[in-house]
Amino acid sequence: MLYARAVGALQREAAQACSAMATLETYASQTTHKVHFDVLSEARHACYKARDAFYACLEKESDKKPTEIASVGLLYPVECRQSRAEYVKQCRPTWVKHFDRQYCAKKRVQRLLDDNESRRERRNPGRSSSNEMQPY
């Protein structure tokens, strides 16, 4: 008796699983697997445009004191808050983080190069800073 109940329960579960699979197959056959590249491209270009506007604002307002905090420790002035909001809205969070890291790395390298250049000029005030050989 117990065995018959267990077999009956298993048969009902198998029938429900088959029904669910048939429904899933019907749904899958109705949906298209077409990727809309034009939509993806438009979103990407909108992201790039918002990113460029934000970083242009950072460059333009570089003399102002940065008071706002972005991802990866990027600081920006309050004047760029609106362009930052648009940038974050248009781009995926992982892209925002990636672009912020790139920008910070670029600025760090530029700061190091500028600092190195100023040290060279202080050390050798009469010489040019280029790597050309000087005549005797």
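Right, let's walk through the structure included here.

Comments concerning the pattern of salt bridges
Logical step 1: Per the stated rule, a full pass over the model turns up seven salt bridges.
Logical step 2: A salt bridge links Glu-61 to Lys-64, with the shortest nitrogen-to-oxygen separation between them at 2.8 Å.
Logical step 3: Salt-bridge contacts for Lys-89 lead to Glu-86; the nearest nitrogen and oxygen are separated by 3.8 Å. Residue Lys-89 and its partner Glu-86 are located together in helix H3 (residues 81-90), separated by three residues, close to a single helical turn.
Logical step 4: Overall, Lys-89 belongs to the exposed group, its relative accessible area being 62%.
Logical step 5: Judged by relative accessible area, Glu-86 falls into the partly exposed class, the value being 34%.

Regarding the side chain of Ser-83
Logical step 1: Within the secondary structure, Ser-83 is located in helix H3.
Logical step 2: For Ser-83, a relative accessible area of 17% puts it in the buried group.
Logical step 3: Apart from the residues within four sequence positions on either side, Ser-83 is in contact with Ala-53, Phe-54 and Cys-57.

Some words on the nonpolar core
One recurring pattern in soluble globular proteins is that nonpolar side chains are buried together.
Logical step 1: Counting residues in each nonpolar core, the largest one holds 16 residues, and the members touching the most others are Phe-54, Tyr-55, Leu-58, Leu-74, Tyr-76 and Tyr-87.
Logical step 2: Mapped by element, the contributors of at least two residues to this core are helix H2 (37-60) and helix H4 (93-123).
Logical step 3: Among the elements that make up this core, the one with the highest residue count is H2 (six residues).
Logical step 4: If near-sequence neighbours (up to four positions away) are discounted, Tyr-55 is found in contact with Leu-74, Tyr-87, Phe-99, Asp-100 and Tyr-103.

As for the state of the cysteines
Logical step 1: The tally for this structure, following the rule as stated, stands at two disulfides.
Logical step 2: Residue Cys-47 pairs covalently with Cys-91 via a disulfide, S to S 1.9 Å. For the disulfide bridge between Cys-47 and Cys-91, the dihedral angle about the S-S bond is near 110 degrees, and by the sign convention the bridge is right-handed. Residue Cys-47 is found in helix H2, and its partner Cys-91 is found in the loop between H3 and H4; the two are separated by 44 residues along the sequence. Take Cys-47 and Cys-91: they sit in the same class, and that class is buried.

Some thoughts on the packing of aromatic side chains
Logical step 1: One pass over the full model with this rule turns up eight aromatic pairs.
Logical step 2: Where Tyr-55 meets Tyr-103, the ring centres are 4.6 Å apart and the plane angle is 10 degrees; that geometry is what we call stacked. Of the two residues, Tyr-55 sits in helix H2 while Tyr-103 sits in helix H4, which places them 48 residues apart along the sequence.
Logical step 3: Grouping aromatic residues by their ring pairs yields a cluster made of Phe-54, Tyr-55, Tyr-76, Tyr-87 and Tyr-103.
Logical step 4: Sitting over the ring of Phe-99, Arg-51 keeps its end group 4.5 Å from the ring centre.
Logical step 5: For Arg-84, the ring lying beneath its charged end belongs to Phe-54, and the centroid distance is 5.0 Å.

What counts and how
Residues numbered from 1 in each chain as written. Predicted model: local features only at pLDDT ≥ 70, side-chain atom pairs only at ≥ 80, totals over all residues. Heavy atoms only, no water. Salt bridge = Lys/Arg side-chain N within 4 Å of Asp/Glu carboxyl O. Helix = DSSP H or I, 4+ residues; strand = E, 2+ residues; numbered from the N terminus. Buried < 20%, exposed > 50% of the residue type's maximum accessible area, 1.4 Å probe, protein only. Contact = heavy atoms within 4.5 Å. Core = buried A, V, L, I, M, F, W, Y, C linked by side-chain atoms within 4.5 Å. Disulfide = S-S within 2.5 Å. Phe/Tyr/Trp six-rings, centres within 6.5 Å; stacked < 30°, edge-to-face > 60°. Lys NZ or Arg CZ within 6 Å of the ring centre and 35° of its normal.

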